[in-house]
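Single-letter residue listing:
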Amino acid sequence: MTWYPPRTLVLSWFGLLALLGLTVFAAYQPLGTFNTVVALAIATGKALLIAAIFMELRQRNGLVIAFAGAGFFWLSIMLWLASSDYATRANFPPT
């Protein structure tokens, strides 16, 4: 008896590998400050793919999706606070 993984998992694995390749490709491109935007967009795509497939948010009711969205919203607040702290420091990094 042979067992094959579900098609959804295989396609998500190929999608994650493609996004990984895109991340590596974009890391070596001279995009300047736009490089961070591209990297964050690719990372968002990876996070959405993982949330939809592996956290099984596609098949859940609205309450579970709302709590998952609240968690991601809280994460975005924390990242915003950290980046604003970094951006408003006077003489950082030291020269």
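Residues numbered from 1 in each chain as written. Predicted model: local features only at pLDDT ≥ 70, side-chain atom pairs only at ≥ 80, totals over all residues. Heavy atoms only, no water.

Please explain the overall build of the chain as it appears in this structure.
Looking only at helices and strands, the chain has three helices and zero strands in total. Reading the chain from its N terminus to its C terminus gives the helix and strand order α-α-α. Against the globule reference of 12 Å for 95 residues, the chain gives a C-alpha radius of gyration of 18 Å, more extended than a compact globule. By principal-axis analysis of the C-alpha atoms, the chain measures approximately 65 × 35 × 20 Å. Pairs at least 24 residues apart make up 45% of the contacts formed inside the chain by residues separated by at least 6 positions. If you sum the accessible surface of the chain, you get close to 7,900 Å²; carbon and sulfur atoms cover 73% of it. (Helix = DSSP H or I, 4+ residues; strand = E, 2+ residues; numbered from the N terminus. Rg over C-alpha atoms; globule rule 2.2 N^0.38 Å. Contact = heavy atoms within 4.5 Å. Areas by Shrake-Rupley, 256 points an atom, 1.4 Å probe, with all protein chains shown as cover.)

Can you walk me through the domain arrangement of the chain in this structure?
Accessible area lost when the parts come together is the quantity often used to give the size of an interface. When its domains are assigned, the chain resolves into domain 1 (1-59) and domain 2 (61-95). If you average the C-alpha positions of domain 1 and of domain 2, the two centres end up 21 Å apart. (Domains from an automatic or database assignment.)

What should I look at first to understand the packing of helix H1 (residues 7-27) against helix H2 (residues 34-53) in this one?
Packed helix pairs are characterised by how far apart their axes lie and by the angle those axes make with each other. Interhelical geometry of H1 versus H2 gives an angle of 170 degrees and a closest axis separation of 10 Å. Judged by the inter-axis angle, H1 sits roughly antiparallel to H2. Residues Thr 8, Leu 9, Ser 12, Gly 15, Leu 16, Leu 19, Leu 20, Leu 22, Thr 23, Ala 26 and Ala 27 of H1 pack against Asn 35, Val 38, Ile 42, Gly 45, Lys 46, Leu 49, Ile 50 and Ile 53 of H2. In terms of residue class, the contact of H1 with H2 is built from 12 nonpolar, six polar and one charged. (Axes fitted to C-alpha atoms, helices over the stretch in contact; angles between N-to-C directions. Parallel < 35°, antiparallel > 145°, perpendicular 65-115°, else oblique. Nonpolar A, V, L, I, M, F, W, Y, C, P; charged D, E, K, R; others polar.)

Honestly, the pattern of salt bridges in this entry has me stumped. Any pointers?
Two side chains that carry opposite charge are able to pair once their charged atoms sit near each other. Taken as a whole and assessed by the stated rule, the structure comprises two salt bridges. The shortest N-O distance in the salt bridge between Arg 60 and Glu 56 comes to 3.0 Å. Classification of Arg 60 as partly exposed rests on a relative accessible area of 43%. On the accessibility criterion, Glu 56 (37% relative accessible area) is partly exposed. Notably, a salt bridge pairs Asp 85 with Arg 89, separated by 2.9 Å at the nearest N-O pair. Given the relative accessible area of 45%, Arg 89 is considered partly exposed. (Salt bridge = Lys/Arg side-chain N within 4 Å of Asp/Glu carboxyl O. Buried < 20%, exposed > 50% of the residue type's maximum accessible area, 1.4 Å probe, protein only.)

When you look at the packing of aromatic side chains in this model, what are you seeing that I'm missing?
For any pair of aromatic rings, geometry is given as the distance between the ring centres together with the angle between the planes. Summed over the entire model, instances satisfying the criterion amount to one aromatic pair. Pairing Trp 13 with Phe 14 gives two aromatic rings, centres 5.1 Å apart and planes at 45 degrees, and the pair type is tilted. The exposure class of Trp 13 is partly exposed, given its relative accessible area of 48%. (Phe/Tyr/Trp six-rings, centres within 6.5 Å; stacked < 30°, edge-to-face > 60°.)

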